[in-house]
Number of protein chains: 2
Amino acid sequence: MSENDLSTFFNAKKIGIVGASNKFGKVGYDVVHNLSQFGYPGEIIPINPRDKEIQGYKAYKKLADYPGTIDLVFISIPPKYVNPIIDEMGELGIKHVVIITAGYKEVGVEGAQLERELGEKLKKYGIRCIGPNVVGILDAHTPLNGSFASRMPLKGNLGFISQSGALITGILDWSVNEGMGFSKFISVGNKLDIDETDLIEYLGEDDDTHAIMAYLESINKGPQFIDVCRKVSKKKPIVVIKSGASNAGARAASSHTGSLAGTNTAYNAAFEKAGVLRADTIQQLFDSAMAFSSQPLPKGNNVCIITNAGGPGIIATDASEFAGLNLAHMSADTMEELRKILPPAASVYNPIDVLGTGMSKEYDDTMRISLLDENVDMLLIIMTPQGMTEPVKTAQAIIDNHKRHPDKPIAAAYMGGVDLEEGAKLLKENGIPCFTFPERAISSLLGLYLYSEIQKMHLDLETTPVFDVDKERVAEIIESVINKGRVTMLGSEAIAVAEAYGITTPTTETCFTVNEAVKTANKIGYPIVMKITSPDIIHKTDIKGVVIGVKTDEDVKFEFTRMMDAARKFYPESRVIGVDIQAMSNVGREIIMGTSQDPQFGHLIMIGSGGVYANYTKDIQFGLAPLSDREAHKMFAGTKIHKILQGVRGEEPSDINTTVNTLLRISQLVTDFPEILELDINPLFVFDEGKGVSAVDVKITLDKERILRRE
Amino acid sequence: MSENDLSTFFNAKKIGIVGASNKFGKVGYDVVHNLSQFGYPGEIIPINPRDKEIQGYKAYKKLADYPGTIDLVFISIPPKYVNPIIDEMGELGIKHVVIITAGYKEVGVEGAQLERELGEKLKKYGIRCIGPNVVGILDAHTPLNGSFASRMPLKGNLGFISQSGALITGILDWSVNEGMGFSKFISVGNKLDIDETDLIEYLGEDDDTHAIMAYLESINKGPQFIDVCRKVSKKKPIVVIKSGASNAGARAASSHTGSLAGTNTAYNAAFEKAGVLRADTIQQLFDSAMAFSSQPLPKGNNVCIITNAGGPGIIATDASEFAGLNLAHMSADTMEELRKILPPAASVYNPIDVLGTGMSKEYDDTMRISLLDENVDMLLIIMTPQGMTEPVKTAQAIIDNHKRHPDKPIAAAYMGGVDLEEGAKLLKENGIPCFTFPERAISSLLGLYLYSEIQKMHLDLETTPVFDVDKERVAEIIESVINKGRVTMLGSEAIAVAEAYGITTPTTETCFTVNEAVKTANKIGYPIVMKITSPDIIHKTDIKGVVIGVKTDEDVKFEFTRMMDAARKFYPESRVIGVDIQAMSNVGREIIMGTSQDPQFGHLIMIGSGGVYANYTKDIQFGLAPLSDREAHKMFAGTKIHKILQGVRGEEPSDINTTVNTLLRISQLVTDFPEILELDINPLFVFDEGKGVSAVDVKITLDKERILRRE
């Protein structure tokens, strides 16, 4: 049993309940009652200092009084009494606890202190803990209802992890009505020890669980979450609804990447990297769940729609196209067969219209024929209540056809109320996702398709390219900047860092006097570029701090003085102000690249249209370091500028490969040096294919806190 | 009674049913049966050539046999027998018919011919017709169920117009379950006479109807639809789900505007102009409907969320912000009051958390206090099933609070199944929109807010500015182009048209010989711009057909020859090729403006980021001519380039007013000259504030078909 094997929580043979009670209304009453009433097959061991018997079970005053080995303990007593129980557990060698008790960090400073102490004790004894502040855990297979939720889920194969206890009680109540079956409901509460990453890893190995659903408000261990999900998502779909705007976005951000990244950017990038499907609404989460619980994955995105009414067929067509599904092109043979069995007025083109007169036979024949067509990857069956409609018989035909073709997913939209109720119920009972309106049915099929694409990517095997770089040189520059008491690099320093990582840059030197500037300009050779540089000046052009094509000593002198004066005027407090003298680069297409730090997930990387208006055109895509080759290409391909760089309007294509290569080098740089807080290259000039790129302006800021911590 | 007063359809005293039948399963059986069983209070007059009595009503062989005046006729006999009935009606002076019969243009050429003849007869006799190919019409107030749908809607105030008959039967069945009440269901079928525009106008005046819902696959009379909706939407909300990709988008489009406009662009622009809310899904349509049927409009977009669980509160907060609603900032007094009545652990900040222990009293007190806060425009009440939850008593408290504050809309999310069912039912019965998940509740409140904004705009009073322009000059140029057998204007002609409408342009003349070019260049004065011009060359830069800053006679000669050779090589079939000699304009910010024709709605107008990459950056907004001042400003403000033109990064602001003015002049131009098929200005240079604009490149194509029709 590895450290992360959490199976004891769900397979415990002997469960102690600290706080077990005979008093209706107490949580400790509910836990015993639920274990008992929902058929927990192991031993129920109530712990109560006063009562000798709890709900018919022999009670013990203390855990130590029980004459055997308890596997798992539930605790529902006030917080101040919890920590001594953990000590008891530690002494007895009990390694698993679910702490239902609330009143910890969620209520303020005192609770947070208690929780810290609790955490230390858990660590000390090596006790794994779910909670505190949870509804509990439920396993429909064991069965085990260790919670104060008053219902038991139907037995099924969906695992649901929720950071909101109320969502567990709500979804439990709702799911029974919907006929939706679950393997486990797990309330994670304050996630003091066990969190979503641990549970996803565990459910990934759990044979009872075929799909993992989660409601999350935060993610504890970003990088591990991604690693675990990349592995698990190869085997099972993971669908997450993430709520709450991240505070990260609120942090005043000075870089392009920081200010362009919205509060959701990092989570979206993380889910994409992790192979996690993100649901936008609770309904979408469970609509997908319904499909995942019983339907196979489609081979492609071609959907065939069978309907008894034109309008809803069009609605479903719109929804399919909008979602990125494709209306299957039926083969000529299929259409020929359909013509034989359908009335002449029926449409044999997809969406196939069996007409308002269509009875179960027409539906059945149409399904049978369509499912044989290899262009059809999945089916949507739409029914509206018409005079001759046979909702139940048609439902049976859908079920039978699905049995004959278990490799092609089917969903249904039974568009009505009373008239179609019985048929809809039959479908759900037999694992056919059935909805009132076609858009939701399409959304459930879409989930299957999107997951099939994730599975094909083999994220579990994906690697990051490693370039041969001068890591030592960068370490030296960073040391030197820190030693000078700065966190922001001067232009020439940042350029040198880029150079050390194999990114092409024009020669750049920072000068602090006029004479130095003239000398450097002559060494580099005219014409040159002059740029003001200072740790405090972010947008140089705003104070006219960039001059291109300076050609004479006189002009260098003039511009140097002008720039320094302007900078001192606008930034009188700045300790360092100099001028970068840079070799003139040819002008290429302007690209922006950058990185910023997300507190949960580490380095967020950006690429897009560059130039002075990059913040306004917002043609950008994000990813998380370290990037794989596929990820870097995909990010870039998601921008509009990528299309232009491919060569449009008679122009030569630009050097896309070197651009992606540069992005990957940046990814390696910030991964090697996590002390880089923010990095911006704007513009990166991209030249014609094979001609490379030039990073003419590089900004790097170091992470003060991380550096302080290091010292 | 005006020609468009359709009230006879719903208030007819005597209804004839041609095709009335005693045979169960026949549509003519259903119509008589439904009129009868659902309590139609007028006279039911079955027409049947054989039977003397139909379902207990005296039957007549022919309409003429009935000894009184029939107000309205339903027809459900095979199509080939329908037209003679119309003749009979004509002779008898019956002016209203609902033709349920199908088998017209929807089935092919023969049916289309029959439908044309039917249309002519209707016109000849001045008979107003709903259909053919409809389910029928239903009025819950009269009551009148003149349809073959087997259910009657609950009495309510929603009017539903549907181009899909099946959607009527489906929604009818579903709505009864949901407790949703309707005034009228109208199936419009093939819309041979009466269409959505007529019905929206009628329902706009119908006192029983408070909100108009529609499912449309097409719109018959685009401009009238917009006019009518602008008036009606001042009084009542109109919510439309429009399905089906328009064929207009498929037309090969050569202009920027044409190629940039997607299939939905014109419909979106039309709905925006018309003050119509567009629903994306059927569910959204009816979620809004539920709110409109019973809730008032909010004064603003500030929503207060009251919940008994944190997670769902966060989900609702996310949904609100995403939808553009604002979380109300509760006043200090309100929070103080809330602190008094809620437990210390409860959150008095919005979303207000009454905690899992919250009973109906806590909900009631919280609602009472929050509704008094003037920062609160609307309420969302969220309930999850917890141990002490009182779903029914809380529902009653919601209803009571709503009665005390009938000016503030309330929606509820009862997040559960069995446990909350009774409470949810009570809410719906009392007109409180209640959903399982909070996102849908927010969507229903959003509809109310969006409509309140539409109402405030006074679209019914909005006018279009009229500039003093040289209309005659444009008419002359168009005539001259037509006379030369062209539809595409040369650059100089298009520039002259723009000039005549007060749009600033640089002097431009088209030259066909080298000598002419040199002469013109000298007349205009060096430096000049040279551009190839031909009706067949769309993208000049693709063949290097634009040269800027030509300074000498020699250069003019050289470029003229080079350009003409290149053009003749790439466009050997072109009848006309010349070179435009143009005065050099200062370079400004590049804007694109253009127009294209939409077959339904007329001139679609576009504005956005210009330049050679306009087709790739796609920073554009669309509107429909004629534009009001508000519309033109709003379109421009929707682009990213607008933000840049306001002056960013220390730059001067650009001349936004003249840019908008130019857009309005274009709108006037294409409205005055509908024979303009497409117009593109790219780039329009925009200079600093007060310095105006310059339309340096103008393309105009005329509408061949319209010109041919004119001749």
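Above this text you will find the structure in question.
Below is a summary of the structure that appears in this document. (Residues numbered from 1 in each chain as written. Chains lettered and ligands numbered in written order. Predicted model: local features only at pLDDT ≥ 70, side-chain atom pairs only at ≥ 80, totals over all residues.)

With respect to the overall build of chain A
Line of reasoning, step 1. When helices and strands are tallied, chain A shows 25 helices and 30 strands.
Line of reasoning, step 2. For chain A, with 711 residues in total, the buried portion stands at 56%.
Line of reasoning, step 3. Taking the contacts inside chain A whose residues are at least 6 apart along the sequence as the reference set, 72% of them involve residues at least 24 apart. (Helix = DSSP H or I, 4+ residues; strand = E, 2+ residues; numbered from the N terminus. Buried ≥ 20, exposed ≤ 12 C-beta atoms within 10 Å, placed from the backbone. Contact = placed C-beta atoms within 7 Å.)

Re the interface of chain A and chain B
Line of reasoning, step 1. Each partner contributes residues to the interface: chain A has 56 residues there, and chain B has 56 residues.
Line of reasoning, step 2. When residues of the side of chain A that touches chain B are traced back to their parent elements, those giving at least two are α5 (165-178), α10 (282-294), α11 (310-323), α21 (614-617) and α23 (640-645) of chain A.
Line of reasoning, step 3. The biggest single contributor to the side of chain A that touches chain B is α5(A), with 8 residues.
Line of reasoning, step 4. Its residues assigned to classes, the side of chain A that touches chain B comprises 23 nonpolar, 23 polar and 10 charged. (Nonpolar A, V, L, I, M, F, W, Y, C, P; charged D, E, K, R; others polar.)

Some thoughts on helix α20 (residues 553-570) of chain A
All names here are of chain A.
Line of reasoning, step 1. With 18 residues, α20 ought to run about 26 Å at 1.5 Å a step, and its terminal C-alpha atoms sit 26 Å apart, in line with that.
Line of reasoning, step 2. Among the residues of α20, Val556, Glu559, Phe560, Met563, Met564 and Ala567 are the ones counted as buried. Looking straight down α20, one finds that the buried residues subtend no more than 125° of arc, so they occupy a single side. Facing away from the buried side of α20 by over 90 degrees, the exposed positions are Glu554, Asp565 and Lys569. (Expected span 1.5 Å × (residues − 1). Arc of directions from axis to C-beta.)

Re the sheet that holds strand β13 (residues 238-242) of chain B
Residues and elements named next belong to chain B.
Line of reasoning, step 1. Spatially, 7 strands are ordered β9-β8-β11-β10-β12-β13-β14 in an open sheet, and the strand pairing comes out mixed. Both edges of this open sheet fall to β9 (144-147) and β14 (277-278), since each of them pairs with a single strand only.
Line of reasoning, step 2. The pairing of strand β10 (residues 154-162) with strand β12 (residues 211-216) spans 5 bridges and is parallel. Across the sheet, residue Ser162 finds its bridge partner in β12, namely Tyr215. (Pairing = 2+ DSSP bridges.)

Structural notes on the relation of the copies chain A and chain B
Line of reasoning, step 1. Rotating chain A by 180° and moving it 0.0 Å along the rotation axis overlays it on chain B with an RMSD of 0.1 Å. In symmetry terms, the pair is related by a two-fold rotation axis. Residue Thr617(A) of chain A places its C-alpha closer to the rotation axis than any other residue of that unit, at 4.3 Å. (Least-squares fit on C-alpha atoms with pLDDT ≥ 70 in both.)

Description of the sheet that holds strand β7 (residues 128-130) of chain B
Residue and element names in this part refer to chain B.
Line of reasoning, step 1. The 5 strands lie next to each other as β2-β1-β5-β6-β7, forming an open sheet whose pairing is parallel. On the outer flanks of this sheet lie β2 (43-47) and β7, each paired with one strand and no other. Taking each pair of neighbouring strands and ignoring which way they run, the sheet shows an average axis angle of 20°.
Line of reasoning, step 2. Strand direction decides the pairing type here: strand β5 (residues 72-75) and strand β6 (residues 96-99), joined by 3 bridges, are parallel. (Axes fitted to C-alpha atoms, helices over the stretch in contact; angles between N-to-C directions.)

Some points on unusual backbone geometry
Trans is the common state for peptide bonds, and a negative phi is the common state for residues other than glycine.
Line of reasoning, step 1. At the junction of Asn350(A) and Pro351(A), the peptide bond is cis and its omega measures out at 0° in the coordinates.
Line of reasoning, step 2. Its location among the elements puts Pro351(A) in the loop between α12 (332-341) and β17 (352-353).
Line of reasoning, step 3. Look at the link from Asn682(B) to Pro683(B): it is a cis peptide, with omega at 0°.
Line of reasoning, step 4. With respect to the helices, strands and loops of the structure, Pro683(B) is situated in strand β28 (residues 676-686).
Line of reasoning, step 5. Of note, the phi angle at His458(B) is positive, near 50°, even though the residue is not glycine.
Line of reasoning, step 6. Relative to the assigned elements, His458(B) resides in the loop between α16 (438-456) and α17 (471-483).
Line of reasoning, step 7. Under the C-beta neighbour-count criterion, His458(B) is labelled exposed, with 12 such atoms within 10 Å.
Line of reasoning, step 8. The backbone phi angle of Lys544(B) is positive, close to 50°, even though this residue is not glycine.

Side note on the pairing of strand β8 (residues 136-139) of chain B
Residue and element names in this part refer to chain B.
Line of reasoning, step 1. Side-chain alternation along β8 places Gly136 and Leu138 on one buried face and Ile137 and Asp139 on a second face that is also buried.
Line of reasoning, step 2. Taken together, the 4 bridges between β8 and β9 define a ladder with antiparallel strand orientation. Bridging from a neighbouring strand, Asp139 pairs with Leu144 of β9.
Line of reasoning, step 3. If you look at the hairpin formed by β8 and β9, you'll find 4 residues sitting between the two strands.

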